[in-house]
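Listed below are the residues making up each chain.
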Amino acid sequence: MNRYAASVILAASSVLAPTLSHGAEVGEVKSYLVDTLVKVKAASEEFVKNSSEYAAILSAAGGPEKAWATKKPEVAALVAKMQENYKAMDSFGYETVEGIVAGVDKFAHYDVYLDAGLPKDEGQPEEISPLKLTLSTGDVIDREGAGFTYIIEPALWGGNKKWVVAFDLDGDGKVGARESLPRPEVLTTVAVDTNAKIGELLADARSWVPTVEDCYQAMVAMTPTLSDYFEDWKESRYSEEASGRFFAVSRISDMQGIMKSCAVMYQAVQSGVTAKDKALGKAVDSGFKDIFAFLDALEKLEEKKVVFKTAQIDELAAQAKAKTDKLVPQIKQAAALVGVQVAG
């Protein structure tokens, strides 16, 4: 890493960490989850509406290219709206509760379906998203990955040629790498399916009775995943052969989101730890703050257009792993202190 990047990250550790509240109850974790999912559901409902309008315009015009030629402002505006819907559903919505959803057994299957599930030829059975869609054309999307990551985002940003119609949008005589419009039948179908699944998740969240055990188990399971995100970040932004995924929003934002949900869970149980061991309670709190400072500093470097080499990202991933490797045993120690047994 260059000295400039390293110095900014070092300085950030003392000034960028958010203030974490203390003394919350586990019910606050449920409130945080439900409140966030209500916003995600509102965005998914708007996505259904916008995708339907988009499909109608393209159908009336006789296809994507004719619609672009005759209704360009309307088509461009709808694509932009759907892109914002996606960001609100995923990176600025779901990702901020993923630590809870993926970490709590009651909800974990939603994470595989919506966000983290792999295509059928890329993982173990439990890692594969069961998402299956029958399009209005009769085509079937059969377990080709989770809806957010593998269908919606690549369709809206041209990351997968299967979900788009590629043509010369800007009229310069050539078709750029992501120059395309989403296939309307893909968007309308995945929008309805995603909206329904988010509704199911929200209903389950509302009926959930969270426990201290839920919080500790989820923290232990999800906090160590932080370093895994760096490979996605590298492939989506800095690798010579980009993956086509995680293009809409930097993966740094998603890292912040998942760690926020883990920190929310710790806030809910921290008073019980501090009452028994003040130093340990503070140490876990400080561990989360250190991670937030680290990620906030990286985000600021990206905003300054600092270009990271792949070797630098690998080193940053190692630093992130070192931080969680230190923090997770402390979380386990806190769990044992309050009489909670956690797996892993």
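Residues numbered from 1 in each chain as written. Predicted model: local features only at pLDDT ≥ 70, side-chain atom pairs only at ≥ 80, totals over all residues. Heavy atoms only, no water.

(A) Local environment of the overall build of the protein. Secondary structure summary: the protein contains 13 helices and 4 strands in total. For the protein, whose C-alpha radius of gyration is 21 Å, the value lies close to the compact-globule estimate of 20 Å for 344 residues. Counting only C-alpha atoms, the protein reaches 70 × 50 × 35 Å along its principal axes. Within the protein, counting contacts between residues at least 6 apart in sequence, those at least 24 apart form 71% of the total. (Helix = DSSP H or I, 4+ residues; strand = E, 2+ residues; numbered from the N terminus. Rg over C-alpha atoms; globule rule 2.2 N^0.38 Å. Contact = heavy atoms within 4.5 Å.)

(B) Local environment of the packing of helix α11 (residues 251-276) against helix α12 (residues 278-303). Two elements in contact, α11 and α12, have axes whose closest approach is 9 Å; the angle formed by their N-to-C orientations is 165 degrees. Taken together, the axes of α11 and α12 are roughly antiparallel relative to one another. Remark: the crossing between α11 and α12 carries left-handed chirality. For the contact of α11 with α12, the per-class residue count stands at 14 nonpolar, 4 polar and 7 charged. (Axes fitted to C-alpha atoms, helices over the stretch in contact; angles between N-to-C directions. Parallel < 35°, antiparallel > 145°, perpendicular 65-115°, else oblique. Left-handed = near helix turned anticlockwise from the far one by under 90°. Nonpolar A, V, L, I, M, F, W, Y, C, P; charged D, E, K, R; others polar.)

(C) Just helix α7 (residues 147-157), in detail. Of all 11 residues in α7, 11 are buried; the element is thus mostly enclosed. Among the residues of α7, G147, F148, T149, Y150, I151, I152, E153, P154, A155, L156 and W157 are the ones counted as buried. Positive backbone phi, approximately 70 degrees, marks G158, located one or two places after α7. (Buried < 20%, exposed > 50% of the residue type's maximum accessible area, 1.4 Å probe, protein only.)

(D) Highlighting the pattern of salt bridges. With the rule as written, the count across this model stands at 17 salt bridges. Of the charged contacts, one joins E231 and K234 as a salt bridge, the two residues approaching to 3.3 Å between their closest N and O atoms. Within this pair, E231 and its partner K234 are both found in helix α10 (residues 229-237), separated by 3 residues, close to a single helical turn. Here D232 ties to R251 by a salt bridge, and the two come within 3.1 Å at their closest N and O atoms. (Salt bridge = Lys/Arg side-chain N within 4 Å of Asp/Glu carboxyl O.)

(E) Expanded view of the packing of helix α2 (residues 26-61) against helix α4 (residues 72-89). Relative to each other, α2 and α4 sit at 155 degrees, their axes nearing to 9 Å. It follows that α2 is roughly antiparallel to α4 by the angle criterion. Relative to α4, the crossing made by α2 is left-handed. Seen from α2, the contacting residues are V40, A43, S44, E46, F47, N50, S51, E53, Y54, I57 and L58; seen from α4, they are E74, V75, L78, V79, K81, M82, N85, A88 and M89. Here the contact of α2 with α4 is built from residues that sort into 12 nonpolar, 4 polar and 4 charged.

(F) Main features of the side chain of E302. Considering the arrangement of structural elements, one finds E302 in helix α12. There is a polar contact of 2.8 Å between the side chain of E302 and the side chain of W233. (Polar contact = N/O pair within 3.5 Å; in protein donor to acceptor, adjacent residues only side chain to side chain.)

(G) Structural detail: the environment of A318. Considering the arrangement of structural elements, one finds A318 in helix α13 (residues 310-337). Taking relative accessible area as the criterion, A318 reaches 42% and is therefore assigned partly exposed. With 91 residues separating them along the chain, A318 and S227 place their C-alpha atoms 7.1 Å apart.

(H) Expanded view of the nonpolar core. Judged by nonpolar contacts, the single largest core of 97 residues is most densely connected at L33, Y54, Y216, F230 and F288. The biggest single contributor to this core is α11, with 12 residues. Not counting the four nearest positions on each side in its chain, Y54 is found in contact with V75, L78, V79, M82, L181, P182, P184 and L187. (Core = buried A, V, L, I, M, F, W, Y, C linked by side-chain atoms within 4.5 Å.)

Note that all results are geometric; they support no functional claim without further evidence.
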